[in-house]
Amino acid sequence: MSDTLFSKIVRREIPADIIYEDNLALAFRDINPQAPVHILVIPKDPIPTLADTESHNHALLGHLLLTVKRVAEQEGLENGYRVVINTGQDGGQTVYHLHLHILGGRQMQWPPG
Ligand code: 5GP
């Protein structure tokens, strides 16, 4: 497994508030929450960005979205939530290990910044 900040969380080398784990995915609370509920869902096996995914990743990508749904239910976000995948420089990505933000617990605005 290559070395990203989030891989260190997967390997429990740095602490995180992990709320869900299976063989492919991990979900943990963002260290700098932008909403009352702010969770990151990641593949355990790192891919830098969404733009680096290929057709053979289709099952993993589906699994990550279903994990978002499962975690959102677990967190009681029955009123809705926002899912964000910042991708590359213009997308505002800062950690180059694919991750899906789940933001909830308040009314989201549009357009995003
Ligand atoms: P990006 O900007 O790449 O879409 O999002 C990266 C996210 O990772 C940010 O929301 C940031 O707060 C979060 N983050 C960065 N470092 C850590 C960390 O060490 N632990 C946790 N739990 N979140 C982190």
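Model, not experiment: these values are computed from the prediction. (Residues numbered from 1 in each chain as written. Predicted model: local features only at pLDDT ≥ 70, side-chain atom pairs only at ≥ 80, totals over all residues. Heavy atoms only, no water.)

*Asks:* It is not clear to me how the overall build of the protein chain should be interpreted in this structure. Could you clarify?
*Replies:* The helix and strand inventory of the protein chain stands at two helices and five strands. Counting from the amino terminus, helix and strand elements in the protein chain follow one another as α-β-β-β-α-β-β. Taking 13 Å as the expected radius of gyration for a compact globule of 113 residues, we find that the protein chain reaches 14 Å, a close match to that expectation. Dimensions of the protein chain, computed from the C-alpha atoms along their principal axes, are close to 35 × 30 × 25 Å. In the protein chain, which comprises 113 residues, the share counted as buried stands at 41%. Working note: accessible area of the protein chain is about 6,800 Å², and carbon and sulfur atoms make up 52% of it. Distance from the positive charge centre (9 side chains) to the negative charge centre (13 side chains) of the protein chain: 4 Å. (Helix = DSSP H or I, 4+ residues; strand = E, 2+ residues; numbered from the N terminus. Rg over C-alpha atoms; globule rule 2.2 N^0.38 Å. Buried < 20%, exposed > 50% of the residue type's maximum accessible area, 1.4 Å probe, protein only. Areas by Shrake-Rupley, 256 points an atom, 1.4 Å probe, with all protein chains shown as cover. Lys, Arg positive; Asp, Glu negative; His and termini not counted. Charge placed at Lys NZ, Arg CZ, Asp CG, Glu CD.)

*Asks:* Quick question: what am I supposed to make of helix 2 (residues 58–74) here?
*Replies:* Helical periodicity: at 3.6 residues per turn, an α-helix aligns residues three or four positions apart in one direction. Compared with an ideal rise of 1.5 Å per residue, which puts 17 residues at 24 Å, helix 2 spans 24 Å between its outermost C-alpha atoms and is within 8% of the ideal. For helix 2, the set of buried residues is L60, L64, T67, V68, V71 and A72. Seen end-on, helix 2 carries its buried residues on one side only, within an arc spanning 130°. More than 90 degrees from the buried face of helix 2, the exposed residues found are H58, A59, L65, L66 and E73. On the buried face of helix 2, the contacting elements are strand 1 (18–21), strand 2 (25–29), strand 3 (37–43), strand 4 (82–84) and strand 5 (100–104). Of the residues flanking the end of helix 2, it is G76, one or two places downstream, whose phi is positive at about 75°. (Expected span 1.5 Å × (residues − 1). Arc of directions from axis to C-beta. Contact = heavy atoms within 4.5 Å.)

*Asks:* Could you clarify how one ought to interpret the site of the ligand in this entry?
*Replies:* Neighbouring the ligand are 16 residues, the closest being D30, N86, T94, H99 and H101. A distance of 2.5 Å is found between an oxygen atom of the ligand and a side-chain nitrogen or oxygen belonging to D30. Within the backbone of G92, a nitrogen or oxygen atom sits 3.2 Å from an oxygen atom of the ligand. Contributing elements (two or more residues each) for the shell around the ligand: helix 1 (5–10) and strand 2. In terms of residue count, the dominant contributor to the shell around the ligand is helix 1 (three residues). Taken together, the residues of the shell around the ligand break down into seven nonpolar, seven polar and two charged. (Near = heavy atom within 4 Å. Polar contact = N/O pair within 3.5 Å; in protein donor to acceptor, adjacent residues only side chain to side chain. Nonpolar A, V, L, I, M, F, W, Y, C, P; charged D, E, K, R; others polar.)

*Asks:* It is not clear to me how the nonpolar core should be interpreted in this structure. Could you clarify?
*Replies:* The tendency in soluble globular proteins is for nonpolar side chains to be buried as a group. The biggest cluster of nonpolar side chains holds 17 residues, and the ones touching the most others in it are A27, I39, V41, L64, V71 and I102. Looking at this core, the elements with two or more residues in it are strand 1, strand 2, strand 3, helix 2 and strand 5. The greatest single-element share of this core, amounting to five residues, is contributed by helix 2. Excluding its chain neighbours within four sequence positions, the residues that come into contact with I39 are I19, A27, F28, R29, D30, V71, E75, L100, H101 and I102. (Core = buried A, V, L, I, M, F, W, Y, C linked by side-chain atoms within 4.5 Å.)

*Asks:* I keep staring at the pattern of salt bridges and nothing clicks. Help me out?
*Replies:* When the charged atoms of two side chains lie near each other, side chains of opposite charge can form a pair. Following the criterion strictly, the structure yields seven salt bridges and no others. For the salt bridge of R11 with E13, the shortest nitrogen-to-oxygen distance reads 2.7 Å. Classification of E13 as partly exposed rests on a relative accessible area of 48%. (Salt bridge = Lys/Arg side-chain N within 4 Å of Asp/Glu carboxyl O.)

Purely geometric numbers; function is a separate question.
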